[in-house]
Amino acid sequence: MTVSRVQSLTLAMAGVAMLAPSAPPAPSEPATAPPAPLPPAAAPPPVTAPVMSPPAVAPPAVPVPPVLPPVTAPPVTAPSTPAASGTAPAPRAEPGARRAAAVSAAVSAADLLARVRTCTPVSRGRYRKDQGAKATVPVCGTRGAVFWKADMDIDCDGRPGPRCNSGTDPYFSASTAYAQSDGRPLSSEETPYVVVPAPSDVWNHRSHGVRGGSVVAVVYRDRVRYAVVGDTGPADIIGEASHATAESLGIDPDPRGGGTSSGVTYIVFEGSRVTPIEDHDAAVTEGKRLARRFVDDAG
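Every value quoted in this text rests on a predicted model; they were computed, and no experiment measured them.

**Some remarks on the side chain of Arg115**
- Here Arg115 lies in helix H4 (residues 109-115).
- The side chain of Arg115 sits in the buried core without any salt bridge; Asp297 is the nearest counter-charge, 6.0 Å away.
- Residues in contact with Arg115, not counting those within four places in the same chain, are Thr142, Arg143, Phe294, Val295, Asp297 and Ala298.

Here it is in structure tokens:
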């Protein structure tokens, strides 16, 4: 039993030895202070994010056009066809013609009325507007034209048509003082014409360069229309035009009750003439040209 106690004691001592804290290791080297905290890992240089200039975002890829050989515009040469014929290309003439037409078209009713504001009478007396009315209308003269301001009665004379004939006009006459190029009377429905008084002691239109085919600018309100002298009327009455003239001005063309009692100005360009007399396009072209010259020559 003694042996077993000794063993037990020995075992107990060994257990205590095992449990006892092991002695700190002999200071073989200066106690290395706890490893100095590593300098804060040199804070990686502030990751100044590489100031990345935006990925060389080249200005929105402006597509660099391929370098082409200098565009030396081909010399502008006249079209070969005209060049070969030796004649100037037609297009060069057109702009001028169009400009001229535009300038002529610019003559307004106001322009013309300003030019005939005052009257220097060339007639020896005055005319009536209608049969039995008082004579109040003189024929006036100015440089390049004669004019009068009156009413407009409808002259349906000439070649009969659906609107101008003996059934629509009690005073209808199938003839006109001036005939078309084919010898037939003018058509009041188709040809814008103006009537002048037959020659008399009061006034003779021929002595002022007025004849069949003379160009007339007819002004009513803000409208200007071009016509020709196409007929003669009573020697003491003035202020009459064809069905076509009235219609173009917006005046009632009915020969029985149409027309207007006042406000119409007739300007006849001295020495002018359209041939053939029935060519209305020619009358308009010449009328615009003469009107422009008339207005520009004012003063």
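**Quick notes on the pairing of strand S4 (residues 215-220)**
- Most of S4 sits inside the fold, with six of its six residues counted as buried.
- In this antiparallel pair of consecutive strands, S4 and strand S5 (residues 223-233), the connection spans two residues, and Arg221 shows a positive phi of 55°.
- By the bridge criterion, five bridges tie S4 to strand S7 (residues 260-269) in an arrangement that is antiparallel. Within S7, the position partnered with Ala217 by the bridge is Ile267.

**What about the pattern of salt bridges?**
- Per the stated rule, a full pass over the model turns up six salt bridges.
- One salt bridge connects Arg184 with Asp182, and the closest N-O pair in it is separated by 2.9 Å.
- Exposure remark for Arg184: the relative accessible area of 42% places this residue in the partly exposed category.
- Across the pair Asp296 and Arg292 runs a salt bridge, and its minimum N-O distance is 3.0 Å. With Asp296 and Arg292 both in helix H6 (residues 280-296) and four residues apart, the pair spans about one turn of that helix.

**Focus: the environment of Tyr171**
- Structurally, Tyr171 can be placed in the loop between strand S2 (145-155) and strand S3 (193-197).
- The exposure class of Tyr171 is exposed, given its relative accessible area of 72%.
- In this structure the C-alpha to C-alpha distance between Tyr171 and Pro255, which are 84 residues apart in sequence, comes to 8.9 Å.

**Concerning the state of the cysteines**
- Evaluation of the coordinates by the stated rule reveals two disulfides.
- Note on cysteine connectivity: Cys119 is disulfide-linked to Cys140, with sulfurs 1.9 Å apart. On the sign convention where negative is left-handed, the bridge of Cys119 and Cys140, at about -95° about the S-S bond, is left-handed. With Cys119 in the loop between H4 and strand S1 (140-142) and Cys140 in strand S1, this pair connects stretches of sequence that are 21 residues apart.
- Residue Cys119 is classed as partly exposed on the basis of its relative accessible area of 36%.
- Residue Cys140 is classed as buried on the basis of its relative accessible area, which comes to 5%.

**A word on the confidence of the model for the chain**
- Put simply, the chain has an average pLDDT of 79, and 65% of its residues get 70 or more.
- Overall, residues 38-45 carries pLDDT values under 50, and its contacts beyond four positions in sequence, including any with other chains, amount to zero contacts.
- Note on residues 76-96: pLDDT is under 50 here. Beyond four places in sequence and across chains, it has four contacts.

**Let's talk about the side chain of Ser188**
- In this fold, Ser188 is placed in the loop between S2 and S3.
- Owing to a relative accessible area of 0%, Ser188 belongs among the buried residues under this scheme.
- One polar contact links the side chain of Ser188 to the main-chain carbonyl oxygen of Asp155, over a distance of 2.7 Å.
- At 2.8 Å, the side chain of Ser188 and the backbone nitrogen of His243 are in polar contact.

**Things to note about the environment of Thr168**
- Examined against the element boundaries, Thr168 turns out to sit in the loop between S2 and S3.
- As a C-alpha pair, Thr168 and Pro255 span 87 residues in sequence and 7.0 Å in three-dimensional space.
- Setting aside residues no more than four positions away along its own chain, Thr168 makes contact with Pro162, Arg163, Pro255 and Arg256.
- Looking at Thr168, its side chain comes within polar contact range of the main-chain oxygen of Arg163, at 2.9 Å.

What counts as what
Residues numbered from 1 in each chain as written. Predicted model: local features only at pLDDT ≥ 70, side-chain atom pairs only at ≥ 80, totals over all residues. Heavy atoms only, no water. Helix = DSSP H or I, 4+ residues; strand = E, 2+ residues; numbered from the N terminus. Buried < 20%, exposed > 50% of the residue type's maximum accessible area, 1.4 Å probe, protein only. Lys, Arg positive; Asp, Glu negative; His and termini not counted. Salt bridge = Lys/Arg side-chain N within 4 Å of Asp/Glu carboxyl O. Contact = heavy atoms within 4.5 Å. Pairing = 2+ DSSP bridges. Disulfide = S-S within 2.5 Å. pLDDT = per-residue confidence, 0-100. Polar contact = N/O pair within 3.5 Å; in protein donor to acceptor, adjacent residues only side chain to side chain.

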